[in-house]
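Read off the chains here:
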Amino acid sequence: MIADVGRDESNMVSSSNFMEAPVYENGHECPVSAKNDAVSSASARETCNDRFLVHVAMTLDGEYLRGSIAAVHSVLKHTSCPESVYFHFIASDSGSPTGNELTRIVESTFPSLAFKVYPFDEKLVKELISSSIRKALDNPLNYARSYLADIIDECVQRVIYLDSDVVVVDDIRKLWSVSLTGSRVIGAPEYCHANLTKYFSDEFWSDPGLSKVFDGKRPCYFNTGVMVMDLRKWREGGYGAKIEQWMEVQKERKIYELGSLPPFLLVFGGDVEPIHHRWNQHGLGGHNVLSSCRSLHPGPVSLLHWSGKGKPWRRLDEGNPCPVDRLWAPYDLYRPFSQRLEQR
């Protein structure tokens, strides 16, 4: 997910802006073949034969880099096999910083990290994007999750997709172990108590030709910021084209207002592998328009997600954090400008 531009985020393009993360090594319980046999220097294709690897996909850009770095740090810190996690980063082919610059930043912050940065052609989606409730949601990179099966090396058949405004506080291997049963292509925490009708316009619900997409299904709301995705099934089913078809309808009819989420609801609603709610404690950023404080949902927590307008690093920098923002702070590797000056 892409953020609104912050006051200091345009300066987060140098590797000197981030501290080097601690070294995290595989525990004794990790499979021997997955222990660091030069995985960090291997290409994504060379790692496809390692069945013990966990594949994680995220977007990278200058506006959200601080959140992305914190998210990666949290994954490594809490997994028992950090050397067995491979990151697939998607970056705009026309953005700043460039893919090469982002690669250098990640390499300097996580010297032993196994990863690859892939270019995303924004022209694929620019003409399909309609204005939404918040400008940040209109960023083309926010739609890259719909193209992962085309972007990531074909030999990678499964990934965990994570938004950049999350921290993982549990072993990501537990999420990776979720089975996508039958024909299901994605898995995510579902929220069946949510009123699905509010995510689409009255015109959508009053047109049987459109609303019939949910006939015979029991669709529930799910947040696309945390998903387990079967890329093989996605490719075979042509799901990227199905999402684009709904985006084309949206351009003509304006049937929703919430960026890249509604097309996923339309294509997958009612056919999502349910994952425990602990894996997406979302909404911590407040409303999509207002940055309000929210509390954690009741129950166990494995992943915290600051979806919504408010982001923890901004509220911390402004000296007006929400209580939950202090749970994000330990994973922050960003060095304030004053600290960088002191070290010169």
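The rules behind these values
- Residues numbered from 1 in each chain as written.
- Predicted model: local features only at pLDDT ≥ 70, side-chain atom pairs only at ≥ 80, totals over all residues.
- Heavy atoms only, no water.
- UniProt positions renumbered as here; feature names shortened; annotations may be inferred.
- Helix = DSSP H or I, 4+ residues; strand = E, 2+ residues; numbered from the N terminus.
- Buried < 20%, exposed > 50% of the residue type's maximum accessible area, 1.4 Å probe, protein only.
- Contact = heavy atoms within 4.5 Å.
- Areas by Shrake-Rupley, 256 points an atom, 1.4 Å probe, with all protein chains shown as cover.
- Pairing = 2+ DSSP bridges.
- Right-handed = clockwise from strand over helix to strand, strands pointing away.
- Polar contact = N/O pair within 3.5 Å; in protein donor to acceptor, adjacent residues only side chain to side chain.
- Disulfide = S-S within 2.5 Å.

You'll find the protein chain entered in an unreviewed UniProt entry as Hexosyltransferase, with Rhododendron griersonianum given as the organism. The record in UniProt for the protein chain states the following under Subcellular location (unreviewed entry): "Endomembrane system".

Give me the overall build of the protein chain: which residues, what numbers.
Check the secondary structure of the protein chain and you find 12 helices and 11 strands. With 344 residues in all, the protein chain has 57% of them scored as buried. Counting contacts in the protein chain only where the partners sit at least 6 residues apart, residues at least 24 apart contribute 77% of the total. Per element, the accessible surface of the protein chain, about 14,900 Å² overall, is 49% carbon and sulfur.

Just give me the short version of the pairing of strand β3 (residues 114-120), but keep the residues and values in it.
Within β3, five of the seven residues are buried, leaving the element largely enclosed by the surrounding structure. The pairing of strand β2 (residues 85-92) with β3 spans seven bridges and is classified as parallel. The residue bridging F89 from the neighbouring strand is V117, located in β3. Crossover connection from β2 via helix α2 (residues 99-109) to parallel β3: handedness right-handed.

Which residues make up the pairing of β2, and what values do they have?
Consecutive side chains of a regular strand alternate in pointing toward one face of the sheet and then the other. Where burial is concerned, most of β2 is hidden: eight out of the eight residues are buried. Where burial is concerned, the two faces of β2 agree: the one with V85, F87, F89 and A91 and the one with Y86, H88, I90 and S92 are both buried. Pairing analysis gives seven bridges linking strand β1 (residues 54-60) to β2, with the strands arranged parallel. Each residue of the ladder has a partner; that of V56, found in β2, is F87. Handedness of the crossover is the feature at issue here: the chain leaves β1, passes through helix α1 (residues 65-78), returns alongside β2, and the resulting connection is right-handed.

Quick rundown of the environment of K116? Include the residues and the values.
If you trace the backbone, K116 turns up in strand β3. With a relative accessible area of 29%, K116 lands in the partly exposed category. Once the C-alpha coordinates of K116 and H88 are considered, the two residues, 28 residues apart in sequence, prove to be 5.3 Å apart. Within the structure, K116 has its side chain in polar contact with the side chain of D153 (distance 3.3 Å).

Which residues make up the state of the cysteines, and what values do they have?
In this structure the tally under the stated criterion is three disulfides. Between the sulfur atoms of C30 and its disulfide partner C81 the distance amounts to 1.9 Å. Here C30 and C81 share a disulfide; its torsion about the S-S bond, -110 degrees, makes the bridge left-handed. Taken as a pair, C30 in the segment before β1 and C81 in the loop between α1 and β2 lie far apart in primary sequence, 51 residues in all. Each sulfur in the disulfide pair C293 and C322 lies 1.9 Å from the other. Because the torsion about its S-S bond is -85 degrees, the bridge between C293 and C322 counts as left-handed. Of this pair, C293 sits in the loop between β10 (273-274) and β11 (303-305) while C322 sits in the loop between α11 (312-317) and α12 (337-342), and the two are 29 residues apart along the sequence. Exposure remark for C322: the relative accessible area of 1% places this residue in the buried category.

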